[in-house]
Amino acid sequence: MAKLAENRYGKSRVRLVKVTRGEVAHEVRDWNVNIAFEGDYESCFVAGDNSRVLPTDTMKNTVYSLARDSAAGSVEEFARELVEHFLIAAAAASTVSVEIAEKRWAHVLVDGQAHPTTFEQRDLAIQTTAVRGSRQGESRVVSGVKNLIILKTANSAFEGFVRDRLTTLPESSDRLFGTELTATWAYAAGPLDYPALRAQITGTLLTAFAEHRSLSVQHTLFAMGEAVLAVAGSVVEMNLSMPNRHCLLVNLAPFGQNNPNEIFVPIDEPHGSIEARIVR
């Protein structure tokens, strides 16, 4: 006999572009929203009874309707608004989770000045948040960034590692260090000034990456998480993923040339995978 152990349903990849039309300049928000309900939906799964089910199409429409009147200036604030709305609108939902990924648009520079109504995507980094709320008043906000591609050309080494008969990797005291950073951080109870905290946290991550004298990817990953916890008291934990995007030194000797650590070939696959969760 089968029994429903857990259930979850919702709407994914709800795309939203919102233009805020100021008197002088416009601002663009580009959000991708995922919504999920957990709760008393067994009768739907087991018996086909839809009387407790809020349609996922309604979830999509709610995103647009709330966005029309929302004054939220961050993904965290808008996600909290959606969670609060759905806990009222969906009586059978015990928990509502909302995840939002944001693509950032910046004003195009024309003759050195920001054009008020023209925009460009300047980087591939995506800002993220995941907000979870329950009827018991419990809530959790986890924000982050992904696809943040960074590279340093000095102060990076990898030496003294285990060697066996299959090890061909040479030791290096001066190598290129490139990675595609994915970082998430969990906040203490809010609401908080999320845009200011995000700027502080991402700035701290980049500064730590730049200034740390790296003995390995692991070494720098921990230093970056440690630096955030030191400056952001409202952050309770960090999760960092830093795949090692290798840049391999090219052997130019067959061409009668030397290579003083200047010519490399980037290798995306395979890559080393380094991840850690760092707490207080």
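What you see is a predicted model; the values in this text were computed from it and never measured.

## Examining the pattern of salt bridges
Inference 1: Inspection of the entire model under this criterion finds 11 salt bridges.
Inference 2: A salt bridge links Glu 38 to Arg 8; the nearest nitrogen and oxygen atoms lie 3.0 Å apart. Of this pair, Glu 38 sits in strand β2 (residues 26–39) while Arg 8 sits in the segment before β1 (9–21), and the two are 30 residues apart along the sequence.
Inference 3: For Glu 38, a relative accessible area of 22% gives the class partly exposed.
Inference 4: Taken together, the shared-partner salt bridges in this structure form one network comprising Arg 8, Glu 38 and Arg 132.

## Remarks on the environment of His 219
Inference 1: By secondary structure assignment, the location of His 219 is in helix α5 (residues 217–231).
Inference 2: Since its relative accessible area comes to 33%, His 219 is described here as partly exposed.
Inference 3: Dropping the residues within four chain positions of it, His 219 is found in contact with His 212, Arg 213 and Ser 214.

## Let's talk about α5
Along an α-helix, residues three or four positions apart point the same way, because every turn accommodates 3.6 residues.
Inference 1: With 15 residues, α5 should reach 21 Å at 1.5 Å per residue; the first-to-last C-alpha distance of 22 Å fits that figure.
Inference 2: Among the residues of α5, those classed as buried are Val 217, Thr 220, Leu 221, Ala 223, Met 224, Gly 225, Val 228 and Leu 229.
Inference 3: Looking at the buried side of α5, the elements it contacts are β8 (177–187), α4 (194–211), β9 (235–241), β10 (244–249) and β12 (275–279).

## Digging into the side chain of Asp 30
Inference 1: Inspection of the secondary structure assignment puts Asp 30 in strand β2.
Inference 2: A distance of 3.1 Å separates polar atoms of two side chains, one belonging to Asp 30 and the other to Trp 105.

## Some remarks on the packing of aromatic side chains
Inference 1: This model, assessed by the stated rule, comprises seven aromatic pairs.
Inference 2: Pairing Tyr 9 with Tyr 41 gives two aromatic rings, centres 5.1 Å apart and planes at 80 degrees, and the pair type is edge-to-face. Residue Tyr 9 is found in strand β1, and its partner Tyr 41 is found in the loop between β2 and α1 (42–47); the two are separated by 32 residues along the sequence. This pair shows no difference in class: Tyr 9 is buried, exactly as Tyr 41 is.

Criteria and thresholds
Residues numbered from 1 in each chain as written. Predicted model: local features only at pLDDT ≥ 70, side-chain atom pairs only at ≥ 80, totals over all residues. Heavy atoms only, no water. Salt bridge = Lys/Arg side-chain N within 4 Å of Asp/Glu carboxyl O. Helix = DSSP H or I, 4+ residues; strand = E, 2+ residues; numbered from the N terminus. Buried < 20%, exposed > 50% of the residue type's maximum accessible area, 1.4 Å probe, protein only. Contact = heavy atoms within 4.5 Å. Expected span 1.5 Å × (residues − 1). Polar contact = N/O pair within 3.5 Å; in protein donor to acceptor, adjacent residues only side chain to side chain. Phe/Tyr/Trp six-rings, centres within 6.5 Å; stacked < 30°, edge-to-face > 60°.

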